[in-house]
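For reference, the chains in residue letters:
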Amino acid sequence: ATVSAGGAAAAAAGEQAPARVATMVLNSGAAMLPHPDKADKGGEDAFVVCSDGVTVGVADGVGGWAEQGIDAGEYARTLMEHVRAAAEHASAGGAVEKALKADAQRAAGEEKRDSADVDGSSGDSSTGAKEGFSVSAHGRSSVGSSNGGRSVGRGRGLEDAGCDPLSLIIAAHRRTRILGSSTACVLSLAPDFGAPGGCASDGGAGGDGGLAYKLTAANLGDSGFLVVRDGKLIFKSPSQQHGFNFPYQLAATTHSDAPEQAEQFELPVRRGDAVVLGTDGLFDNLHDAEIVNTLVRASGEGLPPADVAMRLAREAHEKAADAKRMSPFAVAASEAGYSYRGGKMDDCTVVVSFVEMEGDQEGAQGER
């Protein structure tokens with residue numbers, strides 16, 4: 001049995017040393033392609049891949065704000081930056097719940113302010129390539145839009161794993177005090193201590209005898225995610241909309257949907273599972289089977305998650321330009337009583353995460 005360094009003396013003395021608990025992480029990569037008409041400003045999507053190895057998210061700024069001269073992409077990017085900050089605060093030993101209480105106290109003095117008085121700052125995301133980009137973020141933190149990304153090195157420990165996605169969204173929403181609105185979908189990987197069979201659930205650790213793990217998620221709006229196991233789709237989150245093409249959305253104004261309205265999900269995952277998180281630019285243009293097939297082919301080629309994500313984003317953009325295609329968006333339009341064919345050109349953001357044992361990437365790199 002594998003023992004920790006601290007248990008070596010006990011093992012030598014014939015005593016049973018505590019086994020080192022295997023830790024699961026998300027090996028994640030992201031890709032973004034803006035709508036061609038929005039390439040100059042980088043689009044209105046944003047994403048986060050946290051350094052804790054367990055938390056990822058996307059946000060899709062609502063384009064209708066452009067009619068008022070407001071870039072909803074700034075709202076989406078700021079929201080994801082605050083998700084990152086809250087997640088890393090929790091991983092560093094803080095508690096999201098404490099942050100929420102502090103936010104509530106600060107907000108008590110702000111509720112009387114008119115929504116037009118909100119701060120116009122845009123957060124601190126750096127700028128870079130505007131044509132679209134991809135980023136791998138194994139063991140570091142990235143917040144991005146098609147304007148660029150930011151990475152911060154940071155470690156993690158098993159005791160820090162897992163952040164409640166809904167709490168992260170609530171905290172980020174309270175701190176995002178600029179005009180605009182966006183959807184939000186946040187996922188976290190966490191130990192499942194309540195799994196049948198106790199901590200050593202074979203299903204959660206992929207046969208390695210470690211902790212069982214679960215994926216927890218909160219989604220508000222028409223972004224979403226799906227989970228693939230052994231080349232087959234095992235779960236897809238439903239879209240959350242008030243009506244056709246009218247998603248739930250977060251804002252700093254009284255017109256915001258409540259973050260507590262986000263749908264929450266919890267499902268067991270195991271080593272080898274793949275998670276695809278995306279904005280509606282992905283799911284409006286690629287059918288589930290197309291996403292799964294592209295994911296399986298790209299994974300079979302040994303591509304890292306960022307490259308898999310970019311392949312999916314490019315395929316979605318290619319399909320969006322097909323005016324004769326019966327896309328998922330066209331199907332939804334038909335079900336809502338509209339006559340429509342073709343894809344829907346849009347910003348497209350994709351985060352691909354592979355559920356792995358911590359250290360898998362180092363081993364894979366050593367074999368090359």
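Residues numbered from 1 in each chain as written. Predicted model: local features only at pLDDT ≥ 70, side-chain atom pairs only at ≥ 80, totals over all residues. Heavy atoms only, no water.

J.: Kindly report on the overall build of the chain, identifying the contributing residues and their values.
T.: The secondary structure content of the chain amounts to ten helices and 17 strands. Taken over 368 residues, the chain has a buried fraction of 52%. For the chain, contacts bridging at least 24 residues in sequence account for 75% of all contacts bridging at least 6. Surface exposure of the chain reaches about 15,900 Å², of which carbon and sulfur atoms provide 49%. (Helix = DSSP H or I, 4+ residues; strand = E, 2+ residues; numbered from the N terminus. Buried < 20%, exposed > 50% of the residue type's maximum accessible area, 1.4 Å probe, protein only. Contact = heavy atoms within 4.5 Å. Areas by Shrake-Rupley, 256 points an atom, 1.4 Å probe, with all protein chains shown as cover.)

J.: Give a detailed account of unusual backbone geometry, specifying residues and quantitative values.
T.: At D230, a residue that is not glycine, the phi angle is positive and equals roughly 55°. Phi at N245 is positive, roughly 60°, even though this residue is not glycine. Among the secondary structure elements, N245 is positioned in the loop between strand 12 (241-243) and strand 13 (246-247). For N245, a relative accessible area of 39% gives the class partly exposed.

J.: Explain the pairing of strand 1 (residues 24-33) to me, using residue names and the numbers behind them.
T.: Of all ten residues making up strand 1, ten are buried, and the element is well covered by its neighbours. Here strand 1 shows a buried face lined by M24, L26, S28, A30 and M32 and a second buried face lined by V25, N27, G29, A31 and L33. In this structure, strand 1 lies alongside strand 17 (residues 348-357), joined through ten bridges in antiparallel fashion. When the sheet's bridge partners are listed, L33 is paired in strand 17 with C348. (Pairing = 2+ DSSP bridges.)

J.: Now, about the nonpolar core: what can you tell me, with residues and values included?
T.: Burial of nonpolar side chains together is a common tendency in soluble globular proteins. By size, the foremost hydrophobic cluster in this structure holds 28 residues, and its most contacted members are Y75, L79, M80, V83, L168, I169 and L250. Elements supplying a minimum of two residues to this core: strand 2 (45-49), helix 2 (72-91), helix 4 (165-175), strand 8 (184-191) and strand 9 (213-220). Per-element accounting of this core gives the leading share, eight residues, to helix 2. Once residues within four sequence positions are removed from consideration, V83 is found in contact with V48, L168, A172 and V186. (Core = buried A, V, L, I, M, F, W, Y, C linked by side-chain atoms within 4.5 Å.)

J.: Tell me about the environment of L79, and name the residues and values.
T.: By secondary structure assignment, the location of L79 is in helix 2. Between the alpha carbons of L79 and R174 there is a distance of 9.2 Å; along the sequence they are 95 residues apart. With sequence-adjacent residues up to four places away left out, L79 is seen in contact with A59, A172, H173, T176, S182, T183, A184 and L250.

J.: Tell me about the environment of V54, and name the residues and values.
T.: Mapped onto the fold, V54 is located in the loop between strand 2 and strand 3 (55-60). Judged by its relative accessible area of 0%, V54 is buried.

J.: Please set out the confidence of the model for the chain residue by residue, giving values where relevant.
T.: Put simply, the chain has an average pLDDT of 79, and 69% of its residues get 70 or more. Note on residues 198-208: pLDDT is under 50 here. Beyond four places in sequence and across chains, it has 31 contacts. (pLDDT = per-residue confidence, 0-100.)

J.: Run through the packing of aromatic side chains, naming residues and quoting values.
T.: Counted under the stated rule, the structure contains six aromatic pairs. Measuring from centroid to centroid gives 5.5 Å for F225 and F235, while their planes differ by 35°, and the two rings are tilted. Of this pair, F225 sits in strand 10 (residues 224-229) while F235 is found in strand 11 (residues 232-236), placing the two residues ten residues apart along the sequence. Residues F244 and F329 carry aromatic rings whose centres are separated by 5.3 Å and whose planes lie at 40° to one another, so their mutual orientation is tilted. Remark: F329 occurs in helix 9 (residues 328-335) and F244 occurs in the loop between strand 12 and strand 13; sequence separation between them is 85 residues. For F329, a relative accessible area of 9% gives the class buried. Counting every residue linked through ring pairs, the aromatic cluster contains F244, F329, Y338 and Y340. (Phe/Tyr/Trp six-rings, centres within 6.5 Å; stacked < 30°, edge-to-face > 60°.)

J.: Please set out the side chain of D284 residue by residue, giving values where relevant.
T.: Along the chain, the position of D284 falls in the loop between helix 6 (280-283) and helix 7 (288-300). For D284, a relative accessible area of 15% translates into the label buried.

J.: Which residues make up the pattern of salt bridges, and what values go with them?
T.: Applying the stated criterion across every chain yields a total of 15 salt bridges. Taking the shortest distance from any N to any O, the salt bridge between E81 and R84 comes out at 2.5 Å. On the criterion of helical spacing, the pair formed by E81 and R84 is a turn pair, its members being three residues apart in helix 2. Taking the shortest distance from any N to any O, the salt bridge between K214 and E266 comes out at 3.5 Å. Note that K214 is positioned in strand 9 and E266 in strand 15 (residues 263-269), a separation of 52 residues in sequence. Through salt bridges with shared partners, a single ionic network connects K38, K41, E44, D71, E74 and R77. (Salt bridge = Lys/Arg side-chain N within 4 Å of Asp/Glu carboxyl O.)

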